[in-house]
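Residues per chain are reported as follows:
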Amino acid sequence: MTEFEPGTELVSRLPLPSHVVVHVDGQWRHGWLIGRDHEESGWTALVQYEGDDGNERTERLPADRIALPESEGTERAS
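In this report, the structure presented in the accompanying data block is examined. Just so it is clear, the structure is predicted and the values come from calculations on it, not from any experiment.

1. Section: the pattern of salt bridges
Across all of its chains, the model carries 4 salt bridges by this definition. Between D25 and R29 there is a salt bridge whose closest N-O contact spans 3.7 Å. The exposure class of D25 is exposed, given its relative accessible area of 53%. We classify R29 as buried; its relative accessible area is 10%. Residue D37 pairs with R60 through a salt bridge whose shortest N-O separation is 3.0 Å. Taken together, the residues span a long stretch of sequence, with D37 in strand 2 (residues 27–39) and R60 in strand 4 (residues 56–62) at a distance of 23 residues. Of the residues examined, R60 reaches a relative accessible area of 48% and is grouped as partly exposed.

Parameters and conventions
Residues numbered from 1 in each chain as written. Predicted model: local features only at pLDDT ≥ 70, side-chain atom pairs only at ≥ 80, totals over all residues. Heavy atoms only, no water. Salt bridge = Lys/Arg side-chain N within 4 Å of Asp/Glu carboxyl O. Buried < 20%, exposed > 50% of the residue type's maximum accessible area, 1.4 Å probe, protein only. Helix = DSSP H or I, 4+ residues; strand = E, 2+ residues; numbered from the N terminus.

Put into structure tokens, the structure is as follows:
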């Protein structure tokens, strides 16, 4: 399975909004970083993405589940 390389500091330095990929439901999906918070446990991202049902979802995810899309310079790991 091909995966993206998440970066925990990535969330802190991207402009808002930014095109990202998010790891949800066991797979990487294209989405948008629309907000962020720094908490005791680290960075959390507010993201929007399309679910399997075609509906837009907005969720808070830990930064280690956020990566740049391959077209934005992140290479995929095999």
